[in-house]
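Tertiary structure, described
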Amino acid sequence: IDIMKKIIAAAEKSSEKSSEKSPAEKPAEAGKLTRPAIKKIGNSDAEGVDMERAIFMWDEEKSKECLKEILEGEMPEVVNGAMLVMEEVVWPDPRDAKNWPEFLRQVAGKFLDDQVNADEPFVPPENAREHCLYLMNPTQADAYLEKLGLKKVGKTGKQLMQDDERNEALGMDDGDKVYESFPDTAVLFIKDLVKKAA
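Residues numbered from 1 in each chain as written. Predicted model: local features only at pLDDT ≥ 70, side-chain atom pairs only at ≥ 80, totals over all residues. Heavy atoms only, no water.

Right, let's get into the packing of aromatic side chains. If you walk through the whole model with that rule in mind, you get six aromatic pairs. Considering the side-chain rings of Phe-56 and Phe-111, the 5.3 Å spacing of their centres and the 80° angle between planes classify their relative orientation as edge-to-face. Of this pair, Phe-56 sits in the loop between α1 (2-13) and α2 (60-67) while Phe-111 sits in helix α4 (residues 94-116), placing them 55 residues apart in sequence. Residue Phe-111 is classed as buried on the basis of its relative accessible area of 1%. Measuring from centroid to centroid gives 5.7 Å for Trp-91 and Trp-100, while their planes differ by 35°, and the two rings are tilted. Of the two residues, Trp-91 and Trp-100, both sit in the buried class. An aromatic cluster of three or more residues is present, and its members are Phe-56, Phe-111 and Phe-122. (Phe/Tyr/Trp six-rings, centres within 6.5 Å; stacked < 30°, edge-to-face > 60°. Helix = DSSP H or I, 4+ residues; strand = E, 2+ residues; numbered from the N terminus. Buried < 20%, exposed > 50% of the residue type's maximum accessible area, 1.4 Å probe, protein only.)

So this is what it looks like as structure tokens:
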């Protein structure tokens, strides 16, 4: 938890700076850019949209600023948010490679939390909404619940993400099961965004 707080704090204090990245192939070699940083997707540049924890858009500088708080080994030679999301970073230390998937789940989950409570949420392109929980209509949210082996409740995805509404509709045990699915779904969502931005 302390490590996660550090990476979140680093993300929040890191300033957003754009940097020029050139498209590259996807070789998994140290020092090679596997994909460029994403500069804009959906309404990411709209006024009032909080993209601070949008790891999929972090440039190299912001990525390294956040990673320095959690790494056990050396900093990867080349890294950006898109590479982190797609797990294409060549980690100098195998401990960091092993730990990264859990950090990714946590950061993706926090980004989702930011959006569900936002006055102006991030709206992804239509073709990247399959796993966007907070924008699911009741039919999509019910399909999501069915995939988890749970009953339909006729709530939106945003309502399912709110503790009171979720637990009232599903009960505590099933509500917890849904809650525990959010980080993995958030990872699928941000992976969709990176793929669609390519």
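This part takes up the confidence of the model for the protein. Put simply, the protein has an average pLDDT of 88, and 84% of its residues get 70 or more. When pLDDT is averaged over each helix and strand of the protein, the minimum, 57, is found for α1 and the maximum, 98, for helix α5 (residues 138-147). Per-residue pLDDT stays below 50 along residues 15-27; that stretch engages in 27 contacts with residues further than four places along the chain or on separate chains. (pLDDT = per-residue confidence, 0-100. Contact = heavy atoms within 4.5 Å.)

The next subject is the environment of Ala-128. Examined against the element boundaries, Ala-128 turns out to sit in the loop between α4 and α5. Along the primary structure Ala-128 and Asp-192 are separated by 64 residues, whereas in three dimensions their C-alpha atoms are 5.5 Å apart. Each residue touching Ala-128, except ones within four places of it in the same chain, is listed here: Phe-189, Asp-192, Leu-193 and Lys-196.

A few words on the pattern of salt bridges. Taken as a whole and assessed by the stated rule, the structure comprises 14 salt bridges. We note a salt bridge from Asp-45 to Lys-40, for which the minimum N-O separation is 3.6 Å. Residue Lys-40 is classed as partly exposed on the basis of its relative accessible area, which comes to 47%. Put simply, Arg-105 and Asp-184 hold a salt bridge, and the shortest N to O gap is 2.7 Å. Residue Arg-105 is located in helix α4, and its partner Asp-184 is located in helix α8 (residues 172-197); the two are separated by 79 residues in the primary sequence. Where salt bridges share partners, they join Glu-72, Asp-93 and Arg-95 into one cluster. (Salt bridge = Lys/Arg side-chain N within 4 Å of Asp/Glu carboxyl O.)

Next up on the list: the nonpolar core. Among the nonpolar cores identified, the biggest contains 52 residues, and Ile-55, Phe-56, Leu-84, Trp-100, Phe-122, Phe-189 and Ile-190 are the most heavily contacted of them. Contributing elements (two or more residues each) for this core: α2, α3 (81-85), α4, α5 and α8. Excluding its chain neighbours within four sequence positions, the residues that come into contact with Ile-55 are Gly-81, Ala-82, Leu-84, Val-85, Trp-100, Leu-104, Val-107 and Ile-190. (Core = buried A, V, L, I, M, F, W, Y, C linked by side-chain atoms within 4.5 Å.)

On to the environment of Leu-170. Relative to the elements of secondary structure, Leu-170 occurs in helix α7 (residues 163-170). A relative accessible area of 8% places Leu-170 in the buried class. Not counting residues up to four positions away in its chain, the partners in contact with Leu-170 are Leu-145, Lys-151, Val-153, Leu-160, Gly-175 and Val-178.

Most peptide bonds take the trans configuration, and most residues that are not glycine carry a negative phi. In this model, Glu-87 sits at a positive phi of 55°, which is unusual for a non-glycine residue. We classify Glu-87 as partly exposed; its relative accessible area is 39%.

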